[in-house]
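# Fold and geometry: a report
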Amino acid sequence: MKKRILLLSIVTLLVACKTEHKKELSYLSFGGEISNKELLSNDQVVETYKNLKVGDTINMKFSATVNEVCQAKGCWMLLDIGAGEAMVKFKDYGFFMPKNIADKEVIVNGKAFVSEVSIEEQRHYAEDAGKSDEEIAAITQVKKTLSLEADGVLLIE
Amino acid sequence: MKFISIAFFLFSCQNSDLSTTKKFIPDMYEESEMTLLMRSIYEENSKMKKGIITGTPPNRFPSYFLNIFNSKLTNDKPYSEKFMTYSKVYIDNVRTLFDTVSSISLKTRYNNSINSCIACHTSECTGPIPSIKKLLIK
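In this report, the structure presented in the accompanying data block is examined. Computed from a predicted structure; not experimentally measured.

### Regarding the layout of surface pockets
A volume near 950 Å³ is recorded for the largest pocket. What lines the largest pocket is a set of 40 residues, among which Lys 73 of chain A together with Met 38, His 121, Cys 125 and Pro 128 of chain B lie closest to the centre. Per-element accounting of the lining of the largest pocket gives the leading share, eight residues, to helix H2 (residues 33-54) of chain B. For the lining of the largest pocket, the residue count by class is 20 nonpolar, eleven polar and nine charged. Taken as a whole, the second largest pocket encloses approximately 590 Å³ of empty space.

### A short note on the pattern of salt bridges
Applying the stated criterion to the full structure yields nine salt bridges over all chains. A salt bridge links Lys 82 of chain B to Glu 120 of chain A; its shortest N-O distance comes to 2.8 Å. Of this pair, Lys 82 of chain B sits in helix H3 (residues 81-96) while Glu 120 of chain A sits in helix H3 (residues 119-128), which puts the two residues in different chains. Note on Lys 82 of chain B: relative accessible area 39%, which makes it partly exposed. Looking at Glu 120 of chain A, the relative accessible area reads 39%, which means it is partly exposed.

### Here we look at the packing of H3 of chain B against helix H4 (residues 106-124) of chain B
All names here are of chain B. One way to put it is that H3 packs onto H4 with a least axis distance of 8 Å and a crossing angle of 170 degrees. With respect to their mutual orientation, H3 and H4 come out roughly antiparallel. Two secondary-structure elements touch here, H3 through Lys 82, Phe 83, Tyr 86, Val 89, Tyr 90, Asn 93, Val 94 and Thr 96 and H4 through Arg 109, Asn 112, Ser 113, Ser 116, Cys 117, Ala 119, Cys 120, Ser 123 and Glu 124.

### Things to note about the pairing of strand S3 (residues 76-80) of chain A
All names here are of chain A. By the criterion of burial, S3 is predominantly enclosed, with four of the five residues buried. Both strand S2 (residues 58-69) and S3 contribute to a ladder of four bridges, which runs antiparallel. By the bridge assignment for S3, Val 69 is matched with Met 77. Linking two consecutive strands that pair antiparallel, namely S2 and S3, is a turn of six residues; a positive phi of about 80 degrees is found at Gly 74 within it. The pairing of S3 with strand S4 (residues 85-90) spans five bridges and is antiparallel. Residue pairing for S4: Leu 79 is matched across the bridge by Ala 86. Hairpin connection of S3 to S4: four residues between the antiparallel strands, including Gly 82 at a positive phi of 80 degrees.

### A look at the nonpolar core
One recurring pattern in soluble globular proteins is that nonpolar side chains are buried together. In terms of nonpolar packing, the biggest core is built from 27 residues, with Tyr 49, Phe 62, Met 77, Leu 79, Met 97, Val 106 and Val 153 of chain A touching the most fellow members. If one sorts the elements of this core by residue count, S2 of chain A sits on top with five residues. Other than its neighbours up to four places away in sequence, Met 77 of chain A contacts Val 66, Glu 68, Val 69, Ala 86, Met 87, Val 88, Phe 90, Met 97, Ile 101, Val 106, Val 108 and Val 153 of chain A. Counting residues in hydrophobic clusters, the runner-up holds 24 residues, among them Met 34, Leu 37, Ile 68 and Leu 97 of chain B.

### Here's the deal with H3 of chain A
For H3 of chain A, the full list of buried residues reads Glu 121, Gln 122, His 124, Tyr 125, Ala 126 and Asp 128 of chain A. Buried positions along H3 of chain A lie against S3, S4, strand S5 (105-117), helix H4 (133-137) and strand S6 (143-156) of chain A together with H4 of chain B.

What counts, and at which threshold
Residues numbered from 1 in each chain as written. Chains lettered and ligands numbered in written order. Predicted model: local features only at pLDDT ≥ 70, side-chain atom pairs only at ≥ 80, totals over all residues. Heavy atoms only, no water. 1 Å grid on protein atoms, 1.4 Å probe; cavity = no way out; pocket = protein on both sides within 12 Å on 5 of 7 lines; lining within 4 Å. Points joined across faces, edges and corners; volume = space filled by probe spheres on them. Helix = DSSP H or I, 4+ residues; strand = E, 2+ residues; numbered from the N terminus. Nonpolar A, V, L, I, M, F, W, Y, C, P; charged D, E, K, R; others polar. Salt bridge = Lys/Arg side-chain N within 4 Å of Asp/Glu carboxyl O. Buried < 20%, exposed > 50% of the residue type's maximum accessible area, 1.4 Å probe, protein only. Axes fitted to C-alpha atoms, helices over the stretch in contact; angles between N-to-C directions. Parallel < 35°, antiparallel > 145°, perpendicular 65-115°, else oblique. Contact = heavy atoms within 4.5 Å. Pairing = 2+ DSSP bridges. Core = buried A, V, L, I, M, F, W, Y, C linked by side-chain atoms within 4.5 Å.

Structure (structure tokens):
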């Protein structure tokens, strides 16, 4: 009898403790309300940006990791989209993101476009990002960037 | 024996429930005096635009606009020379809206004032430019 109880205990223990505690993702919402559904895959995002020409815009919703955030206000962020980075700004300058979300995952919804960023503007962003004077001075060429004007962002906590 | 088994079970499974996830505290931007002022100026300009379009133009220079020369910037950043120059141009342009003998249309004078905002933001802080452009009268 004792052996049976012990055996039953061990089996119960193994089964019970193996049960996965499914983690519910929680989100912090910024800007307009958006859902976490119908996201483009990373390949689709890369492909869409590849086909965009300066002046084109297209609506996109996808998730990505935050590489960098404006350290002055949180008024822009750079997202890792595999084949490069996408510069995200927020519609009508109407909302900002927390300044401490580097390496966090976000879902963004908005208008994607490609643009050319002047040397002056790149230097301004570098300054906002807390880059050194040397790094700022090293910016000497106009850069083509992948951009997104987000109307809503979900931050995965 | 039964007691040991139950105790073992409870103890082991309790450990798996111990959550070590830290609560994320968002570090949000606290609006500077200049940001708040810019927001008020934006609102005032929206009213002016509406007034000019509907034939009820502004009749008094909003004196608080002059706080542009002494409001604190984000992180107490010092004013650049460009910022001071553009601010002066902007204030001068706003004053022209109240020039009752001007030969230039009110719409043009108003748009000139908005364009001076855009010119300044092009070199100082580009983020709000798309919103500021919406203040222009077409």
